[in-house]
Amino acid sequence: MSYVPPTPSIIDDIIAQVKFDANGLISAIAQAPDGVVLMLAWMNADALRETLLTGRVCYWSRSRQKLWRKGETSGQQQKLIEARLDCDMDAVLMVVDQTGVACHTGRRSCFYHGVTPEGLRDTAQPEISAEELYGR
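Rules of the game
Think of each chain on its own: its residues are numbered from 1, step by step along the sequence as written. It should be noted that, the model being predicted, local features are given only for residues of pLDDT at least 70 and side-chain atom pairs only at 80 or more, the latter also being counted only at that level, while totals for whole chains, interfaces and linings use all residues. The side-chain quantities take in all heavy atoms of the structure and omit both hydrogens and water. UniProt positions are given in the numbering used here, feature names are shortened, and annotations may be inferred rather than shown by experiment. Comment: elements are numbered from the N terminus, with helices defined as DSSP H or I runs of at least four residues and strands as E runs of at least two. Buried residues are those whose accessible area, probed at 1.4 Å on protein chains only, stays under 20% of the maximum for their type, while exposed residues exceed 50% and partly exposed ones sit between those limits. Pairing of N or O atoms within 3.5 Å defines a polar contact, subject to two protein rules: one partner must be a possible hydrogen donor and the other a possible acceptor, and residues neighboring in sequence count only if both atoms are side-chain atoms. Note on contacts: a residue pair is in contact if any heavy atoms of the two residues lie within 4.5 Å. Aromatic contacts are taken between Phe, Tyr and Trp rings whose centres are within 6.5 Å, Trp giving its six-membered ring; a plane angle under 30 degrees counts as stacked, one over 60 as edge-to-face, and the others as tilted. Definition used: whenever NZ (Lys) or CZ (Arg) falls within 6 Å of the ring centre and also within 35 degrees of the ring normal, the charge is taken to sit over that ring. Every angle, taken between N-to-C directions, lies between 0 and 180 degrees, and every axis is a line fitted to C-alpha atoms, over only the stretch in contact when it is a helix. Comment on the angle field: the value is read as roughly parallel under 35 degrees, roughly antiparallel over 145, roughly perpendicular from 65 to 115, and oblique elsewhere. Rotating anticlockwise by less than a right angle from the far helix to the near helix defines a left-handed crossing, while the corresponding clockwise rotation defines a right-handed one. Throughout, the ten residues Ala, Val, Leu, Ile, Met, Phe, Trp, Tyr, Cys and Pro are labelled nonpolar, Asp, Glu, Lys and Arg are labelled charged, and all others, Gly among them, are labelled polar. Paired strands, as defined in this entry, are two strands with at least two bridges between them according to DSSP.

1. Side note on the UniProt feature "domain: Phosphoribosyl-AMP cyclohydrolase" (unreviewed entry) in the chain
Part 1 of the reasoning: Under the local residue numbering, the UniProt record ascribes the feature "domain: Phosphoribosyl-AMP cyclohydrolase" (unreviewed entry) to residues 39-112.
Part 2 of the reasoning: In the segment residues 39-112, helix accounts for 14% and strand for 39%; the C-alpha atoms at its two ends are 10 Å apart.

2. Section: the side chain of Arg107
Part 1 of the reasoning: With respect to the helices and strands, Arg107 occurs in the loop between β6 (91-98) and β7 (113-116).
Part 2 of the reasoning: Relative accessible area serves as the criterion here: at 8%, Arg107 is assigned to the buried category.
Part 3 of the reasoning: In this structure the side chain of Arg107 is engaged in a polar contact, spanning 2.8 Å, whose partner is the backbone oxygen of Ala124.
Part 4 of the reasoning: Residues within four places of Arg107 in sequence aside, it is in contact with Val101, Ala102, Tyr112, Asp122, Ala124, Gln125, Pro126 and Glu127.

3. Focus: the packing of aromatic side chains
Part 1 of the reasoning: Counted by the stated rule, this structure contains one aromatic pair.
Part 2 of the reasoning: Relative to Trp68, the ring of Tyr59 has its centre 5.1 Å away and its plane inclined at 40°; by these criteria the two rings are tilted.
Part 3 of the reasoning: Its end group placed over the ring of Tyr112, Arg107 keeps NZ or CZ at 3.8 Å from the ring centre.

4. Comments concerning the packing of helix α1 (residues 8-17) against helix α2 (residues 45-54)
Part 1 of the reasoning: Following both chains from N to C, one finds α1 and α2 inclined at 140°, their axes separated by 10 Å at the closest point. The orientation of α1 with respect to α2, classified from their angle, is oblique. Between α1 and α2 lies a crossing whose hand is right-handed. Contacts between α1 and α2 involve Pro8, Ile11, Asp12, Ile14 and Ile15 from the former and Ala45, Leu48, Arg49, Leu52 and Leu53 from the latter.
Part 2 of the reasoning: For the contact of α1 with α2, the class distribution of residues is eight nonpolar, no polar and two charged.

5. A few points about the sheet that holds β6
Part 1 of the reasoning: If you trace the four strands from one edge of the open sheet to the other, you get β2-β1-β6-β5, paired in mixed fashion. Edge positions in the sheet fall to β2 (37-43) and β5 (78-85), since each of these pairs with one other strand and no more. Adjacent strand axes in the sheet meet at a mean angle of 25°, parallel and antiparallel pairs treated alike.
Part 2 of the reasoning: Direction of pairing for β5 relative to β6: antiparallel, over a ladder of seven bridges. Considered in β6, the bridge of Glu82 is made with Val95.
Part 3 of the reasoning: Of the strands in this sheet, β2, β5 and β6 touch α2, which is tilted by about 125° from β2.

Given below as structure tokens:
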């Protein structure tokens, strides 16, 4: 399945309907086509616009206070397959084609801390080291 972007004017109409929080952000969930939730990050209007226009997923980095194009340093890019806004228009779900792993720890998904009766247990091991991902 290939993402077909709306026209810029339709994207502007969509973004005008989004309910960004007080910081101008919306939560953004990246999900693989097989249903695995890969990660949660944040988007501002510019990140959402770029994502919808180009099909390459772009987020807002709260720590760096700038746009963050997924995979720009690691190569682990996300290509948009489909985007959906929730009923309140304050969260976006993106079905993505993930190149490599989604998590900066080298795991496929960021959601690997399983809650058990004994406490937290890792449910997945890294598939690639941070050194290989980021050259550290």
